[in-house]
Amino acid sequence: MKCFFPVLSCLAVLGVVLAQRHVAVQEGPLYRTEGSHITIWCNVSGYQGPSEQNFQWSIYLPSAPEREVQIVSTVDSSFPYAIYTQRVRGGKIYVERVQGNSALLHITDLQARDAGEYECHTPSTDNQYFGSYSAKMNLVVIPDTLQTTAVPQTLHKVEQDPLELTCEVTTETFQHSHLSVAWLRQRGGEKPAEVIALSRDFVLHSSTEYAQRQSLGEVRLDKLGSSTFRLTVFHLQPSDQGEFYCEAAEWIQDPDGSWYAMTRKRSEGTVVNVQPTDKEFTVRLETEKRLYTVGEPVEFRCILEAQNVPDRYFAVSWAFNSSLIASMGPNAVPVLNSEFAHREARGQLKVAKESDGVFVLKIYHLRQEDSGKYNCRVTEREKTVTGEFIDKESKRPKNIPIIVLPIKSSISVEVASNASVILEGENLHFSCSVRTAGRPQGRFSVIWQLVDRQNRRSNIMWLDRDGTVQPGASYWERSSFGGVQMEQVQPSSFSLGIFNSRKEDEGQYECHVTEWVRAVDGEWQIVGERRASTPVSITALEMGFAVTAISRTPGVTYSDSFDLQCIIKPHYPARVPVSVTWRFQPVGTLEFHDLVTFTRDGGVQWGDRSSSFRTRTAIEKAESSNNVRLSISRASDTEAGKYQCVAELWRRNYNNTWTRLAERTSNLLEIRVLQPVTKLQVSKSKRTLTLVENRPIQLSCSVKSQTSQNSHFAVLWYVHKPSDADGKLILKTTHSSAFEYGTYAEEEGLRSRLQFERHVSGGLFSLTVQRAEVSDSGSYYCHVEEWLLSPNYAWYKLAEEVSGRTEVTVKQPDSRLRLSQAQGNLSILETQQVQLECVVLNRTSVASQLLVEWFVWKPNHPERETVARLSREATFHYGEQAARNNLKGRLHLESPSPGVYRLFIQNVAVQDSGTYSCRVEEWLPSPSGVWYKRAEDTAGQMAVTVTRPDAALQVDTVVPNATVSEKAAFQLDCSIVSRSSQDSRFAVAWYSLRTKAGRERDGPGLDEQEEEGDEEEEEDQMERTALLSVGPDAVFGPEGSPWEGRLRFQRLSPLLYRLTVLQASPQDTGNYSCRVEEWLPSPQKEWYRLTEEESAPIGIRVLDTSSTLQSIICSNDALFYFVFFYPFPIFGILIITILLVRFKSRNSSKNSDGKNGVPLLWIKEPHLNYSPTCLEPPVLSIHPGAID
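Residues numbered from 1 in each chain as written. Predicted model: local features only at pLDDT ≥ 70, side-chain atom pairs only at ≥ 80, totals over all residues. Heavy atoms only, no water.

### Structural notes on the overall build of the protein chain
From N to C terminus, the protein chain includes 12 helices and 86 strands. Classification of the 1188 residues of the protein chain by burial places 42% in the buried group. Within the protein chain, contacts between residues separated by at least 24 positions form 61% of all contacts whose residues are at least 6 apart in sequence. Split by element, the accessible area of the protein chain, about 63100 Å² in all, is 50% carbon and sulfur. (Helix = DSSP H or I, 4+ residues; strand = E, 2+ residues; numbered from the N terminus. Buried < 20%, exposed > 50% of the residue type's maximum accessible area, 1.4 Å probe, protein only. Contact = heavy atoms within 4.5 Å. Areas by Shrake-Rupley, 256 points an atom, 1.4 Å probe, with all protein chains shown as cover.)

Dropping the structure here:
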């Protein structure tokens, strides 16, 4: 015990650290019946993961205990095998989740194949497998053998009566089970009340309503035998009324000790009606008649009237002349006295209880001695405790006497008919009545005969004593079709019917009756014979048959109605069919054709050529006669002509065939149909209408009077031009409101501008010509046609009339276009922007469109040229001047407000100079949508002068001379002191200046242009030889031939250019200069030469190597100091200058590199060669390849 708690603590710790899954399923085996609803629970505990777990159910069938069959899953809808898929989808098998870790398997309609071992599996949600994940149990499916039966019935009880009902409950279950049985009462829609029940533990109990009565023994439940359960209610009460049924349940105990109702059944019900107590009763005696003949039967009925008769006890006794005939106790067993007992044994008498309240005494063959008084007595009895009966109240009705007469023949015969004179085809009905002094003693045989006017007798039909009817030989066929019928209406009355009579049925009809009685030996014998007759006269149908046609309206107007009557004589009854045919001969034709036929069976049959009559013709047959009336409404020309009726008389034969007896044709009737007189009047008034173009022309046409309220009008609108002889049709509106455009509307394009309107008043028509044009001027009028609808729904023109004319004049609107006439002068530099304004001060219409055009007069050019144009559609177009002067990319148009147009010329050039102006055209839309120019005006002029910038180019003119030795190098600097623009470029060229006595020029100059006439005379004597030229685009020209290969170019800064001549020779001695051209870009990005400037000459002397340089220098003191003393400070200053220039050129190159699209010339590090001797001065040179 001491180690228990430590172990328990360790287990608790382990449980916290690692839980163990456990799956539990309901304990088996479970026994359930087929067809029942079963549930099996499954729980899982000790799991990890989500609180809601999933469940999967499978079964191992007894036929394959090792094979798993999947049934249903809460996580996978495709889990079930095919055998269970349909039941799962249909909801007959499903899983009910009770909690997250608990679920119920439901099988709603259990089947025998569902028996087996069930497994509940829970898919793992643990970090690792530990514990049990499934559990199994067994299910046994047994047949449902419980049976609960009771006899369905309806019982009528009286208050305080007892009630006993039984119910059979059986079962054949082999397992140990208990039964529970209960009797319940159902009344209407109320909840069933438990009368008494026997539980499965054999305990009786009742509901609250019956608990007290059960305790007093008033309500009992007894088991009779092994399967019968009887309900007894000793004293019924009115509240017990309702349907009683029993309900049984079969219980079985599950392994867990609980009881389960495997099945439950109920029996059919017994309806119990409880009548409150009433003990009174009455008795009456009835019979058919009081006078009888020997051999006739008689029946006496003793009727008992009381409440709850079936549950009470009554005794009945019969008496004849106060003598007892028979008695009957509550057991309904009759006891007869000796005499009547013999007759009852021979079947001549019967005493019986017909129902609970009716008792019968019947004598089948009366005797003469049976005459007398009959009566019955009813006594109520009460049953004692010992089972004996005690008589209580007794009642009897009044006596009924009867008389039985002996048999004797005393018959008489009478014949009657429905008519003595009939029309052929009518029915004949004869009755033959047999009269007797008393009751007929036997049977009758009857023969019907016809005696014609020639006294020929023929049998029509006869009836023998056995009731068999046979027709005569000449009437056999008519009888087979029902044309002749004989019937025994009553035992002594016989009838004969002749249907659809014919003329040959005329004559004397006779009824021959024979009376038969049965002798003692059973043979029939004639007692007597009687006969009677009646005459019948038949009139032929065709006698006097005639037909007449009449009309009261031989002349009618269009749309009126007329009637035609066909009178048939004589007057025939409705059963006599007469067919009537109306025939018609239209005006202008020679043949009649059938219009309509009223057939013999009452149908109407139209002729083949009567289609126009059908909707307007009514045919009527009088109920009291065969007269046929033809009514035609809305008459027209098609109904004019001659009419005639033809009548045919028909008779229907007994075999349902028809025979035409006669045909008659009437007289002719002529009908005339006239058109109505017109009353059409159209307004003749004239008027004049003047309006501005694009306004609507409103024309009216008024009908003052018309023939009919239903008149329709066709209106034709015309216009008459002075140049035309007749008016031209514009528009036609037909009487059916259809539009037809005339040729004038098509030619002039008026279709889209016409608007026709018919006013509500009906007689006023208007035509509106929208957006009137000048060409619409003319004389307008309308032509009105009156149309009426004929009765055959065809429109016809009755009359026509022309209206008065309307003179219409359409003019164009007055021009009010006006432009600003302001003048101006403008001087502007190149690349700036020019604004040309065109202001519209007034216009003719706000709906107008403007075309704006700018043009320019160039100097020395007399004709103007178009610069740009803004079309009416606001499309901008360039003129020929724009294409010629490259204005397309420099023009810009603005319209800041309506009527104000500004044209901007951007980046102007000199060639843009000129006198500018604008011209405006105003366009108006015509009514047909075509635009036309209504006005035009030109604005004031603007003189524009574009100038180029002033030239400011200046080249350094102070350049020192130099002396170099042969083979040495000398430099020619070209320094630009000032420039005209920062955007300018330079073309530099170096020249050798020689007098004309020198050698010829070896190469062309930079630009071979003639010198100005005002140059100095000495320069005319100079000869220029180009050494090297560099264009503004940094393209080198050819080197001069004497210096070819010895020239090196350097651009030390944007304004400093240097040319170095290498390997100097004595021939290089002379004067040199540089010429600079300044180029600027035009607004069209084209470069032009603004100006040029030339530097002062530079004197270069090249010493010949044949003389001693040292002697030359040393012999001249000035030259000696110049060579050995002056160069040092000079070169120091030069080096400092070069460094400053280099530093400045670097900064300027960063700003000017690529400026204006021209690359700069870059200089690499120069090579400085210096010699300390007086013979070689320092040299700053650019070697080949030093220029990038």
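Having seen the structure, we can now continue with the description.
### Digging into the side chain of Ser803
Mapped onto the elements, Ser803 comes out in the loop between strand E62 (795-802) and strand E63 (806-811). Excluding residues within four positions of it along the chain, Ser803 makes contact with Val682, Ser683, Lys684, Cys701, Tyr781 and Cys782.

### Some words on the pattern of salt bridges
Within the structure shown, the criterion is met by 58 salt bridges. Two residues, Asp144 and Lys265, come together in a salt bridge whose shortest N-O distance is 3.3 Å. Of this pair, Asp144 sits in the loop between strand E9 (134-142) and strand E10 (147-149) while Lys265 is found in strand E19 (residues 259-266), placing the two residues 121 residues apart along the sequence. Residue classification places Asp144 among the partly exposed residues on the basis of a relative accessible area of 26%. Lys265 gets classed as partly exposed once you look at its relative accessible area, which sits at 27%. As a salt-bridge pair, Lys933 and Glu936 come within 3.2 Å of each other at their nearest N and O atoms. Since its relative accessible area comes to 41%, Lys933 is described here as partly exposed. By relative accessible area, Glu936 is classed as partly exposed at 43%. Here the salt bridges do not stand alone but share partners, grouping Glu853, Arg869, Arg919, Glu921, Lys933 and Glu936 into one network. (Salt bridge = Lys/Arg side-chain N within 4 Å of Asp/Glu carboxyl O.)

### Some remarks on the sheet that holds strand E53 (residues 681-682)
An order of E53-E55-E60-E59 is seen for the 4 strands of this open sheet, with the pairing classed as antiparallel. Each end of this open sheet is capped by a strand with a single partner; those strands are E53 and strand E59 (754-758). Of the strand pairs in this sheet, E53 and strand E55 (residues 697-705) are connected by 2 bridges, and their pairing is antiparallel. Within E55, the position partnered with Gln681 by the bridge is Ser705. (Pairing = 2+ DSSP bridges.)

### A short note on the state of the cysteines
A complete count under the given rule lists 8 disulfides for this structure. With a sulfur-sulfur separation of 2.2 Å, Cys302 is cross-linked through a disulfide to Cys376. As the torsion about the S-S bond is roughly 75 degrees, the Cys302-Cys376 disulfide counts as right-handed. Of this pair, Cys302 sits in strand E23 (residues 298-306) while Cys376 sits in strand E29 (residues 372-383), and the two are 74 residues apart along the sequence. Look at Cys376 and you get buried, because its relative accessible area is 1%. Between the sulfur of Cys701 and that of Cys782 lies a disulfide, 2.0 Å long from S to S. Between Cys701 and Cys782, the S-S dihedral sits near 65 degrees, and the bridge is therefore right-handed. (Disulfide = S-S within 2.5 Å.)

### Thoughts on the packing of aromatic side chains
Enumeration according to the criterion identifies 24 aromatic pairs in this entry. Residues Phe584 and Phe613 carry aromatic rings whose centres are separated by 5.3 Å and whose planes lie at 65 degrees to one another, so their mutual orientation is edge-to-face. Residue Phe584 is located in strand E45 (residues 578-586), and its partner Phe613 is located in helix H6 (residues 611-614); the two are separated by 29 residues in the primary sequence. For the pair formed by Phe584 and Phe613, the shared burial category is buried. An angle of 45 degrees between the planes, with centres 5.6 Å apart, marks the rings of Phe970 and Tyr1072 as tilted. On the criterion of sequence distance, the pair formed by Phe970 in strand E77 (residues 970-978) and Tyr1072 in strand E82 (residues 1070-1081) is long-range, its members being 102 residues apart. Here the two residues Phe970 and Tyr1072 agree in accessibility, since each one is buried. Aromatic ring contacts, followed pair by pair, group Phe562, Phe584, Phe613 and Tyr643 into a single cluster. For the cation-ring pair, Arg32 lies above Tyr260, with the distance from its terminal atom to the ring centre recorded as 3.6 Å. One residue, Arg266, lies across the ring of Tyr245, its end atom 3.6 Å from the ring centre. (Phe/Tyr/Trp six-rings, centres within 6.5 Å; stacked < 30°, edge-to-face > 60°. Lys NZ or Arg CZ within 6 Å of the ring centre and 35° of its normal.)

### Looking at a nonpolar patch on the surface
Taken together, the side chains of Leu291, Ile403 and Leu405 make up a nonpolar region of the molecular surface, amounting to roughly 240 Å² of accessible area. With respect to the helices and strands, Leu291 occurs in strand E22 (residues 291-293). On the basis of relative accessible area, Leu291 is assigned to the partly exposed category, the value being 43%. (Patch = residues over 30% accessible without salt bridge, like charges linked within 9 Å, V, L, I, M, F, W, Y side chains within 5 Å.)

In short, geometric facts, not functional conclusions.
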